[in-house]
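The chain contents come next:
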Amino acid sequence: MTEEIVTDDAALRRAARRRRLQQRQTVVLGGLVIVLLVAALIAGAMWAGLLPAPFSREFSREEPTGQQVVQPCLPEGAVPVDLGSVTANVYNGTDTAGLAATTAETLGAAGVLINQQANWPQGAYEGVVQIVTGPLGVTAGYTVARLFPESVVTLDARTDESVDVVLGAGYTKMLSADEIAALDPAAPLTSPEGCQPVAAPPADAPAEG
């Protein structure tokens, strides 16, 4: 009889330990499930923008270079130059294949002398159209800019009158042949607000050397 009581008591203790172990496992697993559900809900809310993210995403933004775009002022009383006197390079600043070639063809048909057409060496251009020229080509640059709505003329240090036409992500099309033909060749050109005066060397300055 005593052996049976001891055996039953040991079995009861083992059963109690199993119940306690199962209870702890249930509590731990249940807690983990609750934590995962709460984390999923918080992540979904942050993804939807209902809650702010716990970290700053500034690292994914392009840092400003601090380089200021210089828009040159036109000479006083400037009027468009003859398109046949303009030499232009056409650059594709987008991922659209053949954009420089088709635009150069249209410019060439309008009378502009096309020097080269290629991808923009500086990579992607996010604007519409950028017309780049030097101090001697400011009037030519603004003349070409008339053919491209929303274009901007900028200045670099080149020493000739050539013009670069940079086609950007916002570019759709230039004026058609009929629209170009309808432009008033004697209409005064206007400088943009906030432009920078340009000190171009006189045309009759003697060549150095």
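Residues numbered from 1 in each chain as written. Predicted model: local features only at pLDDT ≥ 70, side-chain atom pairs only at ≥ 80, totals over all residues. Heavy atoms only, no water.

## Points about the overall build of the chain
Heads up, the rule is: The secondary structure listing takes helices from DSSP runs of H or I that are at least 4 residues long and strands from runs of E that are at least 2 residues long, numbered from the N terminus. Using a 1.4 Å probe on the protein chains alone, a residue whose accessible area is under 20% of its type maximum counts as buried, one over 50% counts as exposed, and one in between counts as partly exposed. Here a residue-residue contact requires only that any non-hydrogen atoms of the pair lie within 4.5 Å. Accessible surface area values rest on a Shrake-Rupley calculation with a 1.4 Å probe, where residue burial reflects the displayed protein chains alone.
Within the chain, the secondary structure is distributed over four helices and five strands. Listed N to C, the secondary structure of the chain is α-β-α-β-β-α-β-β-α in terms of helices and strands. Each of the 209 residues in the chain was classed as buried or not, and the buried ones make up 29%. Counting only contacts in the chain whose residues sit at least 6 apart along the sequence, the fraction spanning at least 24 positions is 75%. Of the roughly 14400 Å² of accessible surface on the chain, 58% is carried by carbon and sulfur atoms.

## Some points on the pairing of strand β1 (residues 87-92)
Put simply, the rule reads: Should DSSP find at least two bridges between two strands, the strands are taken to pair. Throughout, right-handed denotes a crossover for which the path from the first strand over the helix to the second runs clockwise when the strands point away from the viewer.
Of all six residues in β1, five are buried, a share of seventy percent or more. Of the pairings in the sheet, the one linking β1 to strand β2 (residues 113-119) comprises six bridges and is parallel in character. Along β2, the bridge assignment pairs Val-90 with Gln-117. Assessed by its sense of winding, the connection that carries the chain from β1 through helix α2 (residues 99-109) to β2 is right-handed. The pairing of β1 with strand β5 (residues 163-167) spans five bridges and is parallel. Across the sheet, the residue bridging to Ala-88 is Val-163, located in β5.

## Some remarks on the side chain of Arg-158
Worth spelling out the cut-off: Here a polar contact means two N or O atoms within 3.5 Å. Within protein one must be a hydrogen donor candidate and the other an acceptor candidate, and residues neighboring in sequence count only if both atoms are side-chain atoms.
By the secondary structure assignment, Arg-158 is in the loop between β4 (151-155) and β5. Take Arg-158: its relative accessible area is 17%, and that puts it in the buried class. A polar side-chain atom of Arg-158 sits 3.1 Å from a polar atom in the side chain of Ser-162. In this structure, Arg-158 is in contact with Val-132, Thr-133, Gly-134, Pro-135, Val-163 and Asp-164, ignoring residues within four places of it in sequence.

## Describing a nonpolar patch on the surface
Stated precisely, the cut-off is as follows: Here a patch means residues that are over 30% exposed by relative accessible area and free of salt bridges, tied together within 9 Å if like-charged and within 5 Å if nonpolar (Val, Leu, Ile, Met, Phe, Trp, Tyr). By convention in these notes, a salt bridge is any Lys or Arg side-chain nitrogen within 4 Å of a carboxyl oxygen on Asp or Glu.
Taken together, Val-28, Leu-29 and Leu-32 make up a surface patch of nonpolar side chains, about 300 Å² in accessible area. With respect to the helices and strands, Leu-29 occurs in helix α1 (residues 2-47).

## Notes on the nonpolar core
Counted only if it meets this: We define a nonpolar core as any set of buried Ala, Val, Leu, Ile, Met, Phe, Trp, Tyr and Cys residues linked to one another through side-chain atoms lying within 4.5 Å.
Of all hydrophobic cores here, the largest spans 30 residues; its most connected members are Leu-107, Val-129, Ile-131, Phe-148, Val-165 and Leu-167. Every element with two or more residues in this core is listed here: β1, α2, β3 (129-133), α3 (138-145) and β5. Ranked by the residues each element gives to this core, the list is headed by α3, at five residues. Once you skip the residues sitting within four places of it in the chain, Ile-131 turns out to touch Gly-141, Val-144, Ala-145, Phe-148, Ser-151, Val-152, Val-153, Thr-154, Val-163, Asp-164 and Val-165. In terms of nonpolar packing, the next biggest core, distinct from the first, is built from five residues, Tyr-91, Trp-120, Tyr-125 and Val-132 among them.

## Examining the pattern of salt bridges
Counted by the stated rule, this structure contains two salt bridges. Two residues, Arg-158 and Asp-156, come together in a salt bridge whose shortest N-O distance is 2.8 Å. The closest approach of N and O atoms between Arg-158 and Asp-164, which form a salt bridge, is 2.6 Å. No difference in accessibility class separates Arg-158 from Asp-164, as the two residues are buried. Ionic contacts of the salt-bridge type, sharing partners, join the residues Asp-156, Arg-158 and Asp-164 into one network.

## Here's the deal with the state of the cysteines
What we call a disulfide is simply a covalent bond connecting the sulfur atoms of a pair of cysteines. Under the convention used in this document: What counts as a disulfide here is a pair of cysteine sulfur atoms lying within 2.5 Å.
All chains considered together, the criterion is met by one disulfide. Between the sulfur atoms of Cys-73 and its disulfide partner Cys-195 the distance amounts to 1.9 Å. Since a negative S-S torsion denotes a left-handed disulfide, the Cys-73-Cys-195 link at about 100° is right-handed. With a gap of 122 residues between them, Cys-73 in the loop between α1 and β1 and Cys-195 in the segment after α4 (177-181) connect regions that are remote in the sequence. The residues Cys-73 and Cys-195 share a single accessibility class, namely buried.

## Structural notes on α3
Buried residues dominate α3, accounting for eight of its eight residues. On its buried face, α3 is in contact with β3, β4 and β5.

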